[in-house]
Amino acid sequence: MNFEIFGAWISVFLTLAIFSFLYKDNPIYKIAEHLFVGVSAGYWMTIFFWTQIQPNLFGRLWPSKEYSETGIWYGLYDVLNIVAGSIFPEGGIDKGHDLHFSYLIPLALGIMMLLSLFKSFNWMARWGIAYTVGMAAGLRAYGYLNSNVIAQLKATIIPIANTDLPIFSLLGESHFNNFILLIGTLTGLLYFYFSKEHSGVFGKVSKIGIYFLMISFGASFGFAVMGRISLLIGRFVELITFSSSSYHHASLWVLLLMVAILGYSAVTEKRTEI
Amino acid sequence: MDFIINAILKLGKVDRRWIFLVIAIVVLIPLLYPLALPIRPTATSQQVYDAVETLPKGSKVLLSCEYSPSTKPEIHPMVVSFLRHCFKNKHKIYITCLWPDGQFMAEEALAEVAEKEFDLIYGEDYVLLGFRPGNEAVVKGIVSDLRKLYTIDSRGTKVTEIPMMEGINRFEDFDFLFSASAGYPGTIEWVQYAVDPTDVPMSTGTTSIQVNEVMPYVQAGQVQGILAGMPGAAEYENLIDHPGIGTSGMDAQSVAHLVIVLFIILGNLGYFIERNKEKKNRGY
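Residues numbered from 1 in each chain as written. Chains lettered and ligands numbered in written order. Predicted model: local features only at pLDDT ≥ 70, side-chain atom pairs only at ≥ 80, totals over all residues. Heavy atoms only, no water.

Here we come to the pattern of salt bridges. As enumerated under the stated definition, the model contains 14 salt bridges over all chains in all. Three or more residues joined by partner-sharing salt bridges are found here, namely D25, K30 and E33 of chain A. (Salt bridge = Lys/Arg side-chain N within 4 Å of Asp/Glu carboxyl O.)

Our focus in this paragraph is the environment of T204 of chain B. All names here are of chain B. Here T204 shows up in strand β5 (residues 202-206). Given the relative accessible area of 0%, T204 is considered buried. Separated by 14 residues in the primary sequence, T204 and W190 have C-alpha atoms spaced 9.9 Å apart. If we skip the residues at most four places from it in the chain, T204 touches V48, F178, S179, T187, V214, V223, G225, I226 and L227. (Helix = DSSP H or I, 4+ residues; strand = E, 2+ residues; numbered from the N terminus. Buried < 20%, exposed > 50% of the residue type's maximum accessible area, 1.4 Å probe, protein only. Contact = heavy atoms within 4.5 Å.)

Turning our attention to the domain arrangement of chain B. Segmenting chain B into domains produces domain 1 (2-33 + 249-282) and domain 2 (43-243). Between domain 1 of chain B and domain 2 of chain B, the C-alpha centre-to-centre distance is 40 Å. (Domains from an automatic or database assignment.)

Moving on, we get to helix α7 (residues 187-198) of chain B. Working note: α-helix, 3.6 residues per turn, so residues spaced by three or four point in the same direction. Residues and elements named next belong to chain B. With eleven of twelve residues buried, α7 lies mostly within the body of the structure. Within the span of α7, buried status applies to T187, I188, E189, W190, V191, Q192, Y193, A194, V195, D196 and T198. Looking one or two residues beyond α7, the residue adopting positive phi is D199, at roughly 70°.

Residues and elements named next belong to chain B. Examined against the element boundaries, M78 turns out to sit in helix α4 (residues 72-88). Along the primary structure M78 and L227 are separated by 149 residues, whereas in three dimensions their C-alpha atoms are 7.6 Å apart. Setting aside residues up to four positions removed in sequence, M78 forms contacts with G205, T206, L227, A228, G229 and A233.

This part is about the interface of chain A and chain B. Taken residue by residue, the interface counts 46 residues in chain A and 51 residues in chain B. Between chain A and chain B, a total of about 4,200 Å² is buried, with carbon and sulfur atoms accounting for 67% of that surface. Here chain A is connected to chain B by two salt bridges. Those elements that place two or more of their residues in the side of chain A that touches chain B are α2 (27-61), α5 (125-155) and α7 (200-242) of chain A. Among the elements that make up the side of chain A that touches chain B, the one with the highest residue count is α7 of chain A (19 residues). (Buried area = accessible area lost by both parts, 1.4 Å probe.)

Glancing now at the packing of aromatic side chains. Both the distance between ring centres and the angle between the ring planes are used here to describe each pair of aromatic rings. All names here are of chain A. Applying the stated criterion across every chain yields a total of 31 aromatic pairs over all chains. Their ring planes at 65° and their centres at 5.2 Å tell us that W73 and F101 sit as a pair that is edge-to-face. Placement of the pair is W73 in helix α3 (residues 72-83) and F101 in the loop between α3 and α4 (104-114), with a sequence separation of 28 residues. Given the relative accessible area of 22%, W73 is considered partly exposed. Accessibility expressed as a relative area gives 44% for F101, which makes it partly exposed. (Phe/Tyr/Trp six-rings, centres within 6.5 Å; stacked < 30°, edge-to-face > 60°.)

The next subject is the nonpolar core. F82, I93, F171 and W190 of chain B are the most contacted members of the largest nonpolar core, which has 77 residues in total. Top element by residues in this core is α4 of chain B. It accounts for eight residues. Apart from residues lying up to four places away in sequence, W190 of chain B is in contact with L62, S64, E66, T96, L98, V139, I142, F171, L177, S179, V195 and M202 of chain B. The next biggest cluster of nonpolar side chains, apart from the first, holds 29 residues, and it includes I5, A8 and A32 of chain A together with V26 of chain B. (Core = buried A, V, L, I, M, F, W, Y, C linked by side-chain atoms within 4.5 Å.)

Now the structure itself:
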């Protein structure tokens, strides 16, 4: 059997199965949904294991460079080799690393996180989570401060009385655009100032800030619609490709089958209601 | 007049499944019968193109693939066009992936462009370093010591045995970065942890939904241009004079947008008419 054609039929079935939810929730949609969740979880786990845990963790704990048949450490490795030879190949893992015993710490933290599956040991998972949260918080604090606060603040320091600039330009720099940027930034920030009641002049200024925010939300909505339509186009392009005779008109047959099944179930449901 | 008002009110109460069907039809028809609507590059797409053009021949370009099959229609055409543009200008391409699926997307793009179109040699003209889990920690790792993170490439070859990896030890050894991003981790993490601290120039191509989030970095000059969703991909295809899937999808995109705008107008009209009717009934 030609696997390309088989793959095309599977792809068409799953696409139309997901689309069938637009009609109503149904078992065909559920099959596709569950399949997606299961395959994604399995795929991610495999990729994570073979791209990070095996080469970068085990590869640093038992590198082939330091392999010796006599030591206790590699004696343990030889036992692992007997149990799982594909993960722990004979003679150590050759991924270009040196031996680093410090990597026993992430190994221990990883195992402790997995222990959350057992009720009596689930407190241990907190250590691993605490490390991850702490590391992420530290990393992000710097990144946000540098790129989102300082750099963005710098970008708002713009000349509003520069005679070289044109009065108005739709896209490029101009007095008008700089003025809009300044007003938008100030009023937008003032809207989020909650230590003073939003009334009087302050209320009016913060209301201008709301309008700027609303324009931004409108743009976000427009982009979201554009994105969803793009994805729909992507699926339709594939469905059109797979409806050709070289794929035995997969799209048309699967569509017919699905309409027939959903139509039949709608009719039987109506009869049961009566 | 009453007939129009009643029709608008009826449309407001129509089953949403009819709207889905209408959208499906208006997307499908232009795909089957293209209208060839004109595509003009926006300033931000032009900026990406110019940034690649100004790089000297043989520049070391890092391409990061952070997308999956679910966002392929938007990002993949950008990656394919970007590879075409870079290979045409004789640049060396290094690919990393912050998303596991990105590796397979990159493999597909390389097979199409590097192998079939340009007949280039793996390891000399391009290399796929592959995926590493860790999100922003991976970006930090590439910035500080790439070789610690990548001792092997996606094919399992030791990085020390790959000719084009000579002299590449950290992020600053690259001349340019292009992030093909569909979310987190992606463009923003590259800006925060790699580009801002090192000043290596960067451009990006993102999904439409991310554009508003990334645009402030473009406006502030932290990112040199952005390819915004499928239209961005189409514009870039137009700029490099090689139409592809992005261009062919733009007719459908434009028609669908017109219909959605029409629905929004009708929906609002229906709302206002109904509100006025209610006010009249209450005697206001």
